[in-house]
Amino acid sequence: MSTIHIVLLVVVVVLIFGTKKLRNIGSDLGGAVRDFKKGLDGDEEAKRQAAEQLRADPPAEHVPPSVDAAKAAADAARAERDRSN
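Residues numbered from 1 in each chain as written. Predicted model: local features only at pLDDT ≥ 70, side-chain atom pairs only at ≥ 80, totals over all residues. Heavy atoms only, no water.

Student: So what about the overall build of the protein? Which residues, and what values?
Tutor: The helix and strand inventory of the protein stands at three helices and zero strands. Taken as a whole, the protein presents about 7,700 Å² of accessible surface, with 62% of it coming from carbon and sulfur. (Helix = DSSP H or I, 4+ residues; strand = E, 2+ residues; numbered from the N terminus. Areas by Shrake-Rupley, 256 points an atom, 1.4 Å probe, with all protein chains shown as cover.)

Student: Can you lay out the pattern of salt bridges for me, pointing to particular residues and giving the numbers?
Tutor: Inspection of the entire model under this criterion finds one salt bridge. Between Asp 75 and Arg 78 there is a salt bridge whose closest N-O contact spans 2.9 Å. Pair noted here: Asp 75 and Arg 78 are both in helix α3 (residues 67–84), with a separation of three residues, about one helical turn. Classification of Arg 78 by relative accessible area gives partly exposed; the value is 41%. (Salt bridge = Lys/Arg side-chain N within 4 Å of Asp/Glu carboxyl O. Buried < 20%, exposed > 50% of the residue type's maximum accessible area, 1.4 Å probe, protein only.)

Student: I'd love a proper account of a nonpolar patch on the surface, names of residues and values included.
Tutor: A surface patch of nonpolar side chains, about 500 Å² in accessible area, is lined by Met 1, Ile 6, Leu 9, Val 10 and Val 14. Summarising the element assignment, Ile 6 is placed in helix α1 (residues 3–17). Relative accessible area serves as the criterion here: at 43%, Ile 6 is assigned to the partly exposed category. (Patch = residues over 30% accessible without salt bridge, like charges linked within 9 Å, V, L, I, M, F, W, Y side chains within 5 Å.)

In structure tokens:
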């Protein structure tokens with residue numbers, strides 16, 4: 001496209017929509033882009049906070065079982081074995 005085509009296109013768009021509507025469209029588009037960027041940054045922040053939380057308080061499945069829990073599991077297995085005999 002040449003410069004003349006671009007100028008004609010801009011003139012036609014201004015005539016169809018008007019300057020006020022174009023200003024609103026530009027403002028809305030700018031706000032959408034700003035919110036999108038904030039969402040991306042917020043997503044990274046949420047991941048960072050989740051990682052810090054996991055380091056501070058690991059889930060129960062990653063915590064090694066205590067001796068009492070192992071003993072209780074062994075007793076339950078022994079009782080089950082005794083019942084089946």
